[in-house]
Amino acid sequence: MSLSEEMYLRYHGLIVPKETHSYESLEFAQGFKFEDDDVLAVTYPKSGTIWMQEILPLVLNGGDLTPIHTIPNWERVPWLEEKQLARVVAKLASPRALVSHLPYNFMPPSFCTSKAKVIYVMRNPKDIMVSSYYFHQMAGFLEDPGTFEEFMDKFLEGKVMFGKWTDHVKSWRNSELGDRIMYITYEEMVQDLPASLRHISDFLGCNLTEEVIQKIAEHCSFKSMQNNNMSNFSLIPKVYMDSDKSPFLRKGIAGDWKNHFSSEQLARFTSVISKELEGPISCLTHDI
Ligand code: A3P
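What you see is a predicted model, and the numbers here were worked out from it, not measured in a lab.

Engineer: Tell me about the sheet that holds strand S6 (residues 181-185), and name the residues and values.
Structural biologist: The four strands lie next to each other as S4-S3-S5-S6, forming an open sheet whose pairing is parallel. At either end of the open sheet lies a strand with only one pairing partner, and these are strand S4 (97-100) and S6. Here the strands of the sheet are splayed against their neighbours by 20 degrees on average, with no regard to which way each runs. Bridge count for strand S3 (residues 39-43) against S4 is four bridges, and the pairing is parallel. The residue bridging Val42 from the neighbouring strand is Ser100, located in S4. Helix H9 (residues 165-173) rests against S3, strand S5 (117-122) and S6 of the sheet, and its axis sits at about 145 degrees to S5.

Engineer: Provide a residue-level description of the site of the ligand, including the pertinent values.
Structural biologist: Not every one of the 18 residues close to the ligand is listed here, only the nearest: Thr49, Ser131, Tyr186, Lys251 and Gly252. Between the ligand and Cys220 there is a distance of 3.0 Å, counted from a nitrogen atom to a backbone nitrogen or oxygen. Within the complex, 97% of the 570 Å² of free accessible area of the ligand lies under protein. Among the secondary structure elements, those contributing two or more residues to the shell around the ligand are helix H2 (49-60) and helix H13 (222-227).

Engineer: Tell me about the nonpolar core, residues and numbers included.
Structural biologist: Ranked by size, the top nonpolar core spans 91 residues in total, and within it Ile55, Phe111 and Trp172 carry the most contacts. Here this core takes seven residues from H2, the largest share from any one element. What Phe111 contacts, discounting residues up to four positions off in sequence, is Phe34, Leu40, Tyr104, Ala116, Val118, Trp172, Leu177 and Arg180.

Engineer: Tell me about the packing of helix H8 (residues 148-157) against helix H14 (residues 263-278), and name the residues and values.
Structural biologist: Running from N to C, H8 and H14 cross one another at 5 degrees; their axes reach a closest spacing of 11 Å. The pairing of H8 with H14 is recorded here as roughly parallel in orientation. Contacts from Phe148, Glu149, Met152, Asp153, Phe155 and Leu156 of H8 reach H14 at Gln265, Arg268, Phe269, Val272, Ile273 and Glu276. Grouping the amino acids of the contact of H8 with H14 by side-chain chemistry returns seven nonpolar, one polar and four charged.

About the cut-offs
- Residues numbered from 1 in each chain as written.
- Predicted model: local features only at pLDDT ≥ 70, side-chain atom pairs only at ≥ 80, totals over all residues.
- Heavy atoms only, no water.
- Pairing = 2+ DSSP bridges.
- Helix = DSSP H or I, 4+ residues; strand = E, 2+ residues; numbered from the N terminus.
- Axes fitted to C-alpha atoms, helices over the stretch in contact; angles between N-to-C directions.
- Contact = heavy atoms within 4.5 Å.
- Near = heavy atom within 4 Å.
- Polar contact = N/O pair within 3.5 Å; in protein donor to acceptor, adjacent residues only side chain to side chain.
- Areas by Shrake-Rupley, 256 points an atom, 1.4 Å probe, with all protein chains shown as cover.
- Core = buried A, V, L, I, M, F, W, Y, C linked by side-chain atoms within 4.5 Å.
- Buried < 20%, exposed > 50% of the residue type's maximum accessible area, 1.4 Å probe, protein only.
- Parallel < 35°, antiparallel > 145°, perpendicular 65-115°, else oblique.
- Nonpolar A, V, L, I, M, F, W, Y, C, P; charged D, E, K, R; others polar.

None of the figures reported here should be taken as evidence of function without further support.
Dropping the structure here:
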């Protein structure tokens, strides 16, 4: 199965959409100078990235709602690797918050030497695949996913943006960042957002009161984010993201895969993923 050359760029083997990334933006990321107080949320796509773009500014500034109500998420907490960063970097308030889908082996040298903290958000890959399937239907800058079965083939082969989920997770699991990295799951956040926020706040050394935690939880709920035009991508023209086909904030639950996978698909998916999680990182050839 081949990938659309028109829509995707390969950067040292890493597949990224051309609409949002360029060779220059990826080089800009490589040269990016991390500050010690920067905070980076890392996700494989569809694991809760925009959720972190809502959470981080609120946690870092004690629950002030101004940024989430006045700055679009992609400028408020930009992606390290996307074209937007060069344009907005000078405007970022300190401490800066960024997000990234880059595997660990693509992180710039300054990241490794800085003390910047990382929150790695993991999600059940079956739910990621379902979310991604719908995202590919609504995003005009991504390849049509085909049938669910066809999309599963692409996902398992890593012929999707940012490659194989297993490679991504393994790269960050083996990152040896010690206490600079915190792991959290989308499922934990769905189950108990205030507890997840306490965990994040403690990790970042932000002394938040219970009242502020509850306020942040309310403003980061699925419903609040669906209604926040600065976070629901309604500012993006339909040709790029068509919410009539599928909203970006689609369901916001854990376990939607049960409504999509047949028992054969479940068996195949589980077998491939569990085998790869044990094996070496296979498809990334980054050699910078
Ligand atoms: P679904 O498609 O399963 O609904 P990303 O931001 O990494 O692209 O991830 C998008 C997924 O995160 C979507 O999943 C979206 O609905 C979900 N999401 C975003 N904000 C959320 C929130 N506040 N609560 C629960 N899920 C959220």
